[in-house]
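So you can see what is in the structure, the chains are spelled out below.
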Amino acid sequence: MAVGDVMRMEIPAGGDLTVTPPELHVLAVDDSIVDRKVIERLLRISSCKVTTVESGTRALQYLGLDGDKGASNLKDLKVNLIVTDYSMPGLTGYDLLKKIKESSAFREVPVVIMSSENILPRIEECLKEGAEEFLLKPVKLADVKRIKQLIMRNEAEECKTLRSLSNKRKLVEDNIDTSSSSSSSHDDSSVKDTQTSKRMKSESENLSSLL
C-alpha cells in the first residue's frame, strides 16, 4: 500500500479480499516540547499511535533517511502520517518535507505542516512541494480528526480498487478453469469417437474377409 499500512489488504489464492484496519501510526515532529505534547495528546485522543521527535534530523534518523542504514529497520517500520512544525532549527519542516518526498520508501506518506505564522508564500511553497495540508497553530482536535478521516477515506478508495481488481482476477481464473474443463471434455469425446471408428473399421474388414 502507498500510505504505509492504514488498511492491511490480503488477497489469498481464492481471490477473496480481506481488509483489516490497524491503528494509524503518526510521526510528530516539533522542537517545542509543549507543542509536541499538545499534538501527541490530540492524536492519541483520535485513537492514533504516536511517535514524537524533537527535530527534522531526528525524524530522518527514525525513518532511516539520514544515510545510516542501521538507524531504522525500514522493512518493519510503518508510518501512515507525518506531522511536522515548519520553523525548526537546523532542518526545517519544509526541508524535511522535501527529503521525505524524494525518498522511495516514504514519498507516498502524507505530510502535514504546522506553523504559528500565517504566511501565504510559505503555505503555497509547502503545498506545491507535496504537503497534504498546512495547519495553523494552535492545532485543534477538529483538525486532527479531519486529517485522519481524509487519510482513511483515501485508503478506503484504494481498498475498493484492489477489491475490484481481485474480483476481476477471480473471474478470469474461473473462465480459464471452465475453458480447460470444456477442452478436456472435448478431447475425451474425440478419443472415444476415434476408438469407435477404428473398431467399426476393423469389424468391417473382418466381415469382408469372411465373405
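Computed from a predicted model, the values in this text were never measured in an experiment.

J.: Would you explain the sheet that holds strand β5 (residues 81-85) in this entry?
T.: As summarised here, the arrangement of the 5 strands in space is β4-β3-β5-β6-β7, forming an open sheet in which the pairing is parallel. Here the strands that pair on one side only, and so sit at the sheet edges, are β4 (48-53) and β7 (133-136). Taking each pair of neighbouring strands and ignoring which way they run, the sheet shows an average axis angle of 20 degrees. The sheet strands contacting helix α2 (residues 56-63) are β3 (24-29), β4 and β5, and the helix crosses β3 at an angle near 145 degrees.

J.: How should empty space enclosed by the protein be read in this particular structure?
T.: Once rolled over the atoms, a probe with the size of a water molecule shows which space is left empty. The full count for this structure, using the stated rule, is 1 cavity of 30 Å³ or more. Looking at the largest cavity, its volume works out to about 70 Å³. Lining the largest cavity, in full, are Ile39, Leu43, Leu81, Val83, Val112, Leu135, Val139, Asp143, Val144 and Ile147. Contributions of two or more residues to the lining of the largest cavity are made by α1 (33-45), β5 and α5 (141-210). Taken together, the residues that form the lining of the largest cavity break down as 9 nonpolar, no polar and 1 charged.

J.: Before we go on, may I ask you to explain the nonpolar core in this structure?
T.: Across soluble globular proteins, nonpolar side chains show a tendency to be buried alongside one another. Residues Leu27, Leu63, Ile82, Ile113 and Cys126 are the most contacted members of the largest nonpolar core, which totals 24 residues. The element contributing the most residues to this core is helix α3 (residues 93-102), with 4 residues. In contact with leucine 27, not counting residues within four places along its chain, are Thr51, Val53, Ala59, Tyr62, Leu63, Val79, Leu81, Ile82 and Val83. With 17 residues, the next largest nonpolar core counts Ala28, Leu42, Val50 and Ile147 among its residues.

J.: Got a minute to help me understand the pairing of strand β6 (residues 111-115) in this structure?
T.: Counting buried residues in β6 gives 5 out of 5 residues, a clear majority hidden from the surface. Alternating positions in β6 separate into two faces, Val111, Ile113 and Ser115 on one and Val112 and Met114 on the other, with burial throughout. With 4 bridges connecting them, β5 and β6 associate as parallel partners. Its bridge partner being in β6, valine 83 is matched across the sheet by valine 112. In the classification by handedness, the crossover that spans β5, the intervening α3 and the parallel β6 is right-handed. One ladder, built from 4 bridges, connects β6 with β7; its direction is parallel. Residue pairing across strands places valine 112 opposite glutamate 133, the latter belonging to β7. Handedness of the crossover is the feature at issue here: the chain leaves β6, passes through helix α4 (residues 120-129), returns alongside β7, and the resulting connection is right-handed.

J.: What exactly am I supposed to notice about the UniProt feature "modified residue: 4-aspartylphosphate" (unreviewed entry) in the protein here?
T.: When the UniProt feature table is mapped onto this chain numbering, "modified residue: 4-aspartylphosphate" (unreviewed entry) sits at Asp85. Locating aspartate 85 in the fold gives a position in strand β5. Contact partners of aspartate 85, with chain neighbours within four places excluded, come to Val29, Asp30, Asp31, Gly93, Met114, Ser115 and Lys137.

J.: Before we go on, may I ask you to explain the packing of α3 against α4 in this structure?
T.: At their nearest, the axes of α3 and α4 sit 10 Å apart, and the two run at 10 degrees to each other. Compared by their axis directions, α3 and α4 come out roughly parallel. Along its contact with α3, which presents Tyr94, Leu97, Lys98 and Lys101, the element α4 presents Glu125, Cys126 and Glu129. Considering only residue class, the contact of α3 with α4 consists of 3 nonpolar, no polar and 4 charged.

J.: Any chance you could explain unusual backbone geometry here in plain terms?
T.: Residues other than glycine predominantly adopt negative phi, and peptide bonds predominantly adopt the trans conformation. Residues lysine 137 and proline 138 are joined by a peptide bond in cis, for which omega reads 0 degrees. If you trace the backbone, proline 138 turns up in the loop between β7 and α5. With phi around 65 degrees, serine 47 is a residue other than glycine that occupies positive phi space. Mapped onto the elements of the fold, serine 47 is located in the loop between α1 and β4. On the accessibility criterion, serine 47 (47% relative accessible area) is partly exposed.

About the thresholds
Residues numbered from 1 in each chain as written. Predicted model: local features only at pLDDT ≥ 70, side-chain atom pairs only at ≥ 80, totals over all residues. Heavy atoms only, no water. Pairing = 2+ DSSP bridges. Helix = DSSP H or I, 4+ residues; strand = E, 2+ residues; numbered from the N terminus. Axes fitted to C-alpha atoms, helices over the stretch in contact; angles between N-to-C directions. Contact = heavy atoms within 4.5 Å. 1 Å grid on protein atoms, 1.4 Å probe; cavity = no way out; pocket = protein on both sides within 12 Å on 5 of 7 lines; lining within 4 Å. Points joined across faces, edges and corners; volume = space filled by probe spheres on them. Nonpolar A, V, L, I, M, F, W, Y, C, P; charged D, E, K, R; others polar. Core = buried A, V, L, I, M, F, W, Y, C linked by side-chain atoms within 4.5 Å. Buried < 20%, exposed > 50% of the residue type's maximum accessible area, 1.4 Å probe, protein only. Right-handed = clockwise from strand over helix to strand, strands pointing away. UniProt positions renumbered as here; feature names shortened; annotations may be inferred. Parallel < 35°, antiparallel > 145°, perpendicular 65-115°, else oblique.

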